[in-house]
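# Report on the structure
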Amino acid sequence: MPNVAGDPAARIAAWTRRWSAILPLLAAELIVWLGFGALLPVMPLYFTEHGVDLATLGVVVAAWPAARLVGEPVFGWLADRVPRVPLMIAGNVGAGIFLFLPLVFVGPLAFIVLRALAGLATALYDPAARGYITDATPAGERGEAFGLYGAAQMGGLLLGPAIGGLGSAAFGGVAFIFVFGGISSFVAAAAIALRVREVPQGADRAVGRTRTASLDLTEFPHEPDHLVSRASSHGGEPGTDASDRERPSRFGPVPGSLANRLLAAAILFTIGGNFAAGTYEVIWSLYLTRLGAGLDLVGLTFALFGLPVLVLSPMFGRRADRGGIVIFLVAGTVLPVVAAVIYTVIRDPLLAVPLILVEATGFAMFNPVLFSIVAAGSPAGRSSTAQGVFGAAGTLGFVVASLLAGTLAEIDIRVPFFVFATVMSVFTVAAFATGGGVLLRPPGERIEARAA
């Protein structure tokens, strides 16, 4: 037998086999985030150069998450009832089209409409993708799986600005970045079409188990029979008991309804976390340029934000799968909040570089744990629906932050940082109060829950 522990090639092969069900989707996520990464630093500057003032910039930025707010619950519900791969393909194709069109249709109204359409396209894709990962991953490995998912995104964010900068220099303008963003979404759609396959139906029967449709009609109609096998967790090793794969690793039995404390706590956490994203997307590039930074440094900060998430998210997710999640949730809040406050007092834009790394390390802890909580709070057969509700809640935080940030920045560019720090802190406290003993359950109870 080969020595897997001491053979790098064998370790890589074993790792590839372990994650084979989701690797094509992770690759597609990396590709699409290359385009997003290239676009994020330049979009606020591009919009303001084409007649958008600060207050309207908040509306333009908010149009994308506002559309997601409406679309994610609906498309998440849909993704639990129809094949997910076509939804993911259509979402990426639509995003590619609407990311490119701001080059053609210019002006505040056009930007708002196109951002909203891009938001609807990504709302079609994201709940289906996250639901797929939930159902294709054993319950005890979902923290690590979503850590890999975040790492794939941040890999794109890390490399995207560099590609955008080099392409803009080579082709003489920012038009390259919008074209590249559209093409990357098309390539991701092609990768999904060619390599991602629906989670095999009937996998529970392969281990001698059958699955009946959900009888809980309090939230949505029950799933059709041909998709009911999604209620079991796929992707485990042959012969693994389906109930072991389906049961969360530390939170007890699978909830029977979307109205449960785990999902409610995750919703509160993500509202606070996404308040940061909405704030930064509106003001970050403008904030740095007012400190004297050039577009090269702005792009570097976006790339550096991706670095800790890329490197650390899988590790933190794997550690969270073993228990002790509270420290990750607390540190994941404290580090971004502290960084936000310090941003308001620096005067040299280069000082933002170490702060970015601190802040990103917090989110590298925060996000994989958060996704694993959502997965644990997903009723059987409703993983995409739960992801859609969760995504919509985060989007609500993003929308409110985007709308406020532009207006607050007209008072003082530093005010949005204070508001974000306050909001994230308050929602974290509320989330712990809502989750209560379920979030604080010691890892030792995992054995009792599995034996129950």
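What counts as what
Residues numbered from 1 in each chain as written. Predicted model: local features only at pLDDT ≥ 70, side-chain atom pairs only at ≥ 80, totals over all residues. Heavy atoms only, no water. Helix = DSSP H or I, 4+ residues; strand = E, 2+ residues; numbered from the N terminus. Buried < 20%, exposed > 50% of the residue type's maximum accessible area, 1.4 Å probe, protein only. Contact = heavy atoms within 4.5 Å. Areas by Shrake-Rupley, 256 points an atom, 1.4 Å probe, with all protein chains shown as cover. Salt bridge = Lys/Arg side-chain N within 4 Å of Asp/Glu carboxyl O. pLDDT = per-residue confidence, 0-100. Phe/Tyr/Trp six-rings, centres within 6.5 Å; stacked < 30°, edge-to-face > 60°.

Here the focus is the overall build of the protein. Assigned secondary structure in the protein consists of 17 helices and 0 strands. Counting all 452 residues of the protein, 57% fall into the buried class. Sequence-distant contacts in the protein: of pairs separated by 6 or more residues, those separated by 24 or more amount to 87%. When the accessible surface of the protein is totalled, it reaches about 17,300 Å², and 71% of it is carbon and sulfur.

Taken as a whole and assessed by the stated rule, the structure comprises 9 salt bridges. The closest approach of N and O atoms between Arg-84 and Asp-80, which form a salt bridge, is 2.9 Å. Take Arg-84 and Asp-80: they sit in the same class, and that class is buried. In this structure, the salt-bridge partner of Arg-318 is Glu-144, at a minimum N-O distance of 3.1 Å. Here the residue Arg-318 occupies a position in helix H11 (residues 295-321), and Glu-144 occupies one in helix H7 (residues 142-171), the gap between them amounting to 174 residues. By relative accessible area, which is 31% here, Arg-318 ends up partly exposed. Residues participating in the shared-partner salt-bridge network are Arg-18, Glu-141, Glu-144 and Arg-318.

Mapped onto the elements, Ser-285 comes out in helix H10 (residues 261-290). Overall, Ser-285 belongs to the buried group, its relative accessible area being 1%. Apart from the residues within four sequence positions on either side, Ser-285 is in contact with Leu-40, Pro-41, Pro-44, Leu-45, Val-298 and Phe-302.

Before going further, it helps to examine the confidence of the model for the protein. Here the protein shows a mean pLDDT of 78. Residues at 70 or above account for 83%. Counting interchain partners and residues more than four positions distant, the pLDDT-below-50 stretch residues 201-249 has 114 contacts. Overall, residues 442-452 carries pLDDT values under 50, and its contacts beyond four positions in sequence, including any with other chains, amount to 14 contacts.

How two aromatic rings sit relative to each other is set out by the distance from centre to centre and by the angle between their planes. Going through the model one piece at a time under the given rule, you end up with 25 aromatic pairs. Measuring from centroid to centroid gives 5.6 Å for Tyr-343 and Phe-417, while their planes differ by 50°, and the two rings are tilted. A residue pair is termed long-range when its members are at least 10 positions apart, and Tyr-343 in helix H12 (residues 326-343) and Phe-417 in helix H15 (residues 415-435) qualify at 74 residues. Pair check on accessibility: Tyr-343 and Phe-417 agree, each one buried. Plain terms: the ring middles of Phe-363 and Phe-366 are 6.4 Å apart, the flat faces sit at 85° to each other, and that makes the pair edge-to-face. On the criterion of helical spacing, the pair formed by Phe-363 and Phe-366 is a turn pair, its members being 3 residues apart in helix H13 (residues 352-376). Here Phe-363 matches Phe-366 in class, with each residue buried. Of the aromatic side chains, those joined through ring pairs into one cluster are Tyr-280, Trp-284, Tyr-287, Tyr-343, Phe-417 and Phe-420.

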